[in-house]
Amino acid sequence: MRFGMPWPGRDVGREAEQAGVEAFCAGEFADHDAYLTVADIVANTERALAGPAIAYAFARTPYAHATALRQLHAQAPGRLFLGLGSAAFRINRDWLGVPAERPVARIADTVGAVRAWLHAENGERVRYAGEFHDLDADVRAPVLGRLDIPVVLAAFNARMAATAGRVADGVVGHGLFTGSWWNDVVRPAVARGAGEGDGDPAGTRPLEHGWIITAVDDHAPERAIADARRMIAFYLTVRTYDPFVAHHGWEEPVARLRDAFRVGDTDAMVRAVTDDMLTGIAVCGTTADAKDALARRAGSLPRDVGYFAAPSFMVSRGRRAAYARAALALIGALPDPV
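Residues numbered from 1 in each chain as written. Predicted model: local features only at pLDDT ≥ 70, side-chain atom pairs only at ≥ 80, totals over all residues. Heavy atoms only, no water.

J.: Hey, could you run me through the overall build of the protein in this one?
T.: Across its full length, the protein holds 14 helices and twelve strands. Over its C-alpha atoms the protein spans a radius of gyration of 20 Å, differing by no more than 12% from the 20 Å that the globule rule assigns to 338 residues. Along the three orthogonal principal directions, the C-alpha set of the protein runs to about 60 × 40 × 40 Å. Expressed as a percentage of its 338 residues, the buried residues of the protein come to 53%. Contacts in the protein between residues at least 24 apart in sequence constitute 70% of all its contacts with a sequence separation of at least 6. The centroid of the 37 positive side-chain charges in the protein is displaced by 2 Å from the centroid of its 41 negative side-chain charges. (Helix = DSSP H or I, 4+ residues; strand = E, 2+ residues; numbered from the N terminus. Rg over C-alpha atoms; globule rule 2.2 N^0.38 Å. Buried < 20%, exposed > 50% of the residue type's maximum accessible area, 1.4 Å probe, protein only. Contact = heavy atoms within 4.5 Å. Lys, Arg positive; Asp, Glu negative; His and termini not counted. Charge placed at Lys NZ, Arg CZ, Asp CG, Glu CD.)

Here you go:
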């Protein structure tokens, strides 16, 4: 597995690449754009993989996704990947003002249309006919040429994971993923989807990228653990993840943390996250604690790229940067994935 992290900014990022970080990813929200962040990554690194993990799939047309990647490819050939996520229903409807229904079918069609632009050759029409996108572009300027940039989909539940296996090159796992969720739900679904797809003549298995909640602090390990618990609690306020909660039998603590969230009691949210939840999801505490966690968690890590991500919910930028630097001590401690 390649050790990666969300882009921590150019200063920490350069230090991280020199220390051995092999991939950086860019998220997306109301205050930061995925492709602008990837541009910052490629401008300030030399070798590391770079890409959105994820960009909101429906915030842009397939054309816009592909043109951004073409421009980035000119600066970082062979280093890019594209992670797309459907985003929450309310983000699509209320923030982006785009259709929010049928996200699984819509993102599958979006992947096809993005690839039509990425695979377009000079002198040929760019054609794609899908349920949501219909392309027939005659680009006369010689600015195209096929780009084989891997596409991975953010997939939490089984249906989206199967779609990732069917139409994309693989999956981006959420920071909540446990070994059981990877092995019992996500990997079987991705494999099932890959079997329904066009097939890979080389027999390459689908890619696995994934976020890993990571908070390491040798001087204040209790605070690092509390930050990790708070991040887990914040994620679990989302009801989309109820199948995950039920799979692990965590309904009672999740009900408590959601009650606490509704009244703004973040301390109670932290207390609601059990030790079982913490050890199954996060890598946190002292450096020694984190290395011990990695030693027992080969099966709960993504097989290709793991993004060791500092908690962000109610955590300052400075503390996130400190967590990113501290995580560099874990690079040599990664187990072989199973």
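After that view, the rundown keeps rolling.
J.: What should I look at first to understand the pairing of strand 6 (residues 126-129) in this one?
T.: For a regular strand, side chains alternate in direction, first toward one face of the sheet and then toward the other. One ladder, built from four bridges, connects strand 6 with strand 7 (residues 134-137); its direction is antiparallel. Directly across from Ala-129, in strand 7, lies its bridge partner Asp-134. In sequence, strand 6 turns back onto strand 7 through a hairpin of four residues. (Pairing = 2+ DSSP bridges.)

J.: Please clarify how the pattern of salt bridges should be interpreted in this entry.
T.: A side chain of one charge can pair with a side chain of the opposite charge if their charged atoms are brought near each other. Tallied over the entire structure, the rule returns 25 salt bridges. For Arg-93, the salt bridge is made with Asp-94, and the minimal N-O distance between the two is 2.6 Å. For Arg-93, a relative accessible area of 44% corresponds to the partly exposed category. Glu-208 is the salt-bridge partner of Arg-187, the closest N and O atoms lying 2.8 Å from each other. With Arg-187 in helix 7 (residues 179-196) and Glu-208 in strand 10 (residues 207-216), this residue pair connects regions lying 21 residues apart in the sequence. (Salt bridge = Lys/Arg side-chain N within 4 Å of Asp/Glu carboxyl O.)

J.: Explain the packing of aromatic side chains to me, please; I cannot follow it from the model alone.
T.: A ring pair, where both rings are aromatic, is described by two values, the distance of the centres and the angle of the planes. Under the definition given, this model contains 14 aromatic pairs. Consider the rings of Phe-156 and Phe-177, whose centres lie 5.2 Å apart with planes at 80°: the pair is edge-to-face. Of the two residues, Phe-156 is situated in the loop between strand 8 (151-154) and helix 6 (158-167) and Phe-177 in the loop between strand 9 (170-173) and helix 7; the sequence distance between them amounts to 21 residues. We note that Phe-156, like Phe-177, is buried. On the numbers, 5.7 Å between centres and 75° between planes, the contact of Phe-244 with Trp-250 is edge-to-face. (Phe/Tyr/Trp six-rings, centres within 6.5 Å; stacked < 30°, edge-to-face > 60°.)

J.: How do you make sense of the side chain of His-174 when you look at a structure like this?
T.: As for its position among the elements, His-174 is in the loop between strand 9 and helix 7. Residue classification places His-174 among the buried positions, given a relative accessible area of 18%. Only 3.0 Å separates the side chain of His-174 from the backbone nitrogen of Leu-176, close enough to count as a polar contact. Within polar-contact distance, the side chain of His-174 engages the side chain of Tyr-241 at 3.3 Å. For His-174, the contacting residues outside a window of four places in its chain are Phe-156, Trp-211, Tyr-235 and Tyr-241. (Polar contact = N/O pair within 3.5 Å; in protein donor to acceptor, adjacent residues only side chain to side chain.)

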